[in-house]
Amino acid sequence: MAEVLQSTMTAMAISEPGGPEVLQPVSLAVPEPEAGEVLIKVAAAGVNRPDVVQRMGLYPAPPGASPLPGLEVSGTVVALGAGVEPEWLGRAVCALTNGGGYAEYCVAPATQCLDIPESLSMEEAAALPETLFTVWGNLFNRGFAREDETVLVHGGTSGIGTMAIMLGKLVGMNVIVTCGSDQKCTAAKSIGADHAINYKTQDFVEEIKKITGGEGVEIVLDMVAGDYVPRNLQCLKEDGRHVTIAVQGGMQATVNMAQIMMRRLTLSGSTLRPQSTDRKALLADEIHRYVWPDVEAGRLKPVMDEIFALKDAAKAHAHMEAGDHIGKIVLKVE
């Protein structure tokens, strides 16, 4: 490990499972990168729903990962683990981490890092990896999304939802989203959604039938699960694909298997954090080849909601849980 300017760092740790107030500043040793890893001096860290669930004690860090929250960061590479090429040193990168992002320093596999282009600020760069890896891996790898197809995305103004809108439109898809207010529906359409349904005042199943002339959609990208699943299946065309990426509405669902067979539907889903480093490296490579040119050209930028100081991580979590945000919430390390 190359020498860094300090041996200890400030981090926001989870003192015990609970509300936002359990995020407390602590002083920890700066982590050392292991083989294949880089040490990043963090400029900013994205705030994501899994961080909130981890804070509540419902989503523990996998074995060997940092217990600190924070699954994406931006910053400068200041030290290298064994086997990492020396040209990584000093590079400005954003990275998908295995945890530990709420800190002044964080380690990440070099294969999960992407160079930050001039088109992005450090805060914008920190808002990209988690949503970009998640949407690409699920909408395109699992959902087999293609040009001219129609996708229904729940949570249209969340970090995931806004990224799904933008990626879908970049490849020429029709994008329909659900949101919890008319204001959010307006925001989703301004981001690029073709249609936005207020799920609190409209039945999204009926609205999908109206919008598609009764045909339905090819793909549902679902972060609700629970009793949404049978309703989502009603929205699908024959041979449609249903991809679950979160279970905010419950882990159990009752479905009619005969209907799935007769209509040849496919149900799939994934979580990102437990996947292997090799699998995440493949996703990073695909994103670098197929998406990063749009990022570099300024055609794809994250929708930013609010930036908080690292010490105000509790306020950032409370803001996310209030549900009024549109786009990404980010912590700035000062």
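As the structure is a prediction and not an experimental result, all values here were calculated from the model. (Residues numbered from 1 in each chain as written. Predicted model: local features only at pLDDT ≥ 70, side-chain atom pairs only at ≥ 80, totals over all residues. Heavy atoms only, no water.)

Within the protein, the regular secondary structure consists of 11 helices and 15 strands. Compactness check: the protein gives a C-alpha radius of gyration of 20 Å against a globular reference of 20 Å for 334 residues, within 12% of the reference. Structurally, the protein occupies a C-alpha span of about 65 × 40 × 35 Å along its principal axes. Every one of the 334 residues in the protein was classed for burial, and the buried ones make up 54%. (Helix = DSSP H or I, 4+ residues; strand = E, 2+ residues; numbered from the N terminus. Rg over C-alpha atoms; globule rule 2.2 N^0.38 Å. Buried < 20%, exposed > 50% of the residue type's maximum accessible area, 1.4 Å probe, protein only.)

Following the criterion strictly, the structure yields one cavity of 30 Å³ or more and no others. Reported here for the largest cavity is a volume of approximately 30 Å³. Around the largest cavity, the lining residues are L71, L96, T97, E130, L272, R273 and K280. Taken together, the residues of the lining of the largest cavity break down into three nonpolar, one polar and three charged. (1 Å grid on protein atoms, 1.4 Å probe; cavity = no way out; pocket = protein on both sides within 12 Å on 5 of 7 lines; lining within 4 Å. Points joined across faces, edges and corners; volume = space filled by probe spheres on them. Nonpolar A, V, L, I, M, F, W, Y, C, P; charged D, E, K, R; others polar.)

This part takes up unusual backbone geometry. Residues other than glycine seldom take positive phi values, yet D148 does so here, at roughly 75 degrees. You can see D148 is positioned in the loop between helix 3 (129–142) and strand 8 (150–153). Residue R264 is not a glycine yet carries a positive backbone phi of 55 degrees. In this fold, R264 is placed in the loop between helix 8 (257–263) and strand 13 (266–269).

Another point: the layout of surface pockets. Gaps between atoms show up when a probe of the same size as a water molecule is rolled over them. If you add up the space inside the second largest pocket, you get close to 500 Å³. As for the second largest pocket, its lining consists of 27 residues, and the residues nearest its centre are E37, G64, A65, S66 and V107. Every element with two or more residues in the lining of the second largest pocket is listed here: strand 2 (23–29), strand 6 (105–109) and helix 9 (277–290). Sorting elements by how many residues they give to the lining of the second largest pocket places strand 6 first, with five residues. Tallied by class, residues from the lining of the second largest pocket come to 15 nonpolar, seven polar and five charged.

Moving on, we come to helix 3. Relative to the 20 Å expected for 14 residues at 1.5 Å per residue, helix 3 spans 18 Å between its end C-alpha atoms, a close match to the ideal helical length. When helix 3 is considered as a whole, its buried residues turn out to be P129, E130, T131, L132, F133, T134, V135, W136, G137, N138, L139 and F140. Phi turns positive one or two residues past the end of helix 3, at F144, with a value near 50 degrees. (Expected span 1.5 Å × (residues − 1).)

Here we take up helix 5 (residues 182–191). K184, C185, A187 and A188 are the residues of helix 5 that are buried. Within helix 5, the buried residues cover an arc of 160 degrees as seen down the axis, which keeps them to one side. Exposed side of helix 5, more than 90 degrees from the buried face: D182, Q183, T186 and S190 are the residues found there. On its buried face, helix 5 sits against helix 4 (159–170), strand 9 (174–179) and strand 10 (195–198). (Arc of directions from axis to C-beta. Contact = heavy atoms within 4.5 Å.)

For the structure on display, the rule yields three aromatic pairs. With centroids separated by 5.0 Å and ring planes inclined at 40 degrees, the aromatic side chains of F204 and Y228 adopt a geometry described as tilted. Residue F204 is located in helix 6 (residues 204–211), and its partner Y228 is located in helix 7 (residues 228–235); the two are separated by 24 residues in the primary sequence. Classification of F204 as buried rests on a relative accessible area of 1%. Note on Y228: relative accessible area 12%, which makes it buried. Grouped by ring-pair contacts, the aromatic residues W136, F140 and Y290 constitute a single cluster. Above the ring of W88, the side-chain terminus of R91 is found at 3.9 Å from the ring centroid. (Phe/Tyr/Trp six-rings, centres within 6.5 Å; stacked < 30°, edge-to-face > 60°. Lys NZ or Arg CZ within 6 Å of the ring centre and 35° of its normal.)

Taken in spatial order, the six strands of this open sheet run 10-9-8-11-12-13, and their pairing is parallel. The sheet is open, and its two borders are formed by strand 10 and strand 13, each paired with just one other strand. Averaged over all adjacent pairs, the angle separating strand axes in this sheet is 20 degrees, with direction ignored. Two elements, strand 8 and strand 9, share four bridges in a ladder whose sense is parallel. Bridge pairing in strand 9 places L152 opposite I176. Its contacts with the sheet place helix 5 against strand 9 and strand 10, and it is angled at close to 165 degrees to strand 10. Sheet contacts for helix 7: strand 8, strand 11 (217–222), strand 12 (236–244) and strand 13; angle to strand 12, the most-contacted strand, approximately 145 degrees. (Pairing = 2+ DSSP bridges. Axes fitted to C-alpha atoms, helices over the stretch in contact; angles between N-to-C directions.)

With that out of the way, let us pick up the pattern of salt bridges. With the rule as written, the count across this model stands at 17 salt bridges. The partner of R55 in a salt bridge is E321, and the shortest N-O contact between them spans 2.9 Å. Of this pair, R55 sits in helix 1 (residues 49–55) while E321 sits in helix 11 (residues 313–322), and the two are 266 residues apart along the sequence. You can call E321 partly exposed: its relative accessible area is 35%. Among the ionic pairs, E123 bridges to K332, the shortest N-O distance being 3.9 Å. Of this pair, E123 sits in helix 2 (residues 122–126) while K332 sits in strand 15 (residues 328–332), placing them 209 residues apart in sequence. Overall, the relative accessible area of 36% leaves K332 in the partly exposed class. When salt bridges that share partners are traced, they join R146, E149 and R241 into one network. (Salt bridge = Lys/Arg side-chain N within 4 Å of Asp/Glu carboxyl O.)

These figures capture arrangement, not role.
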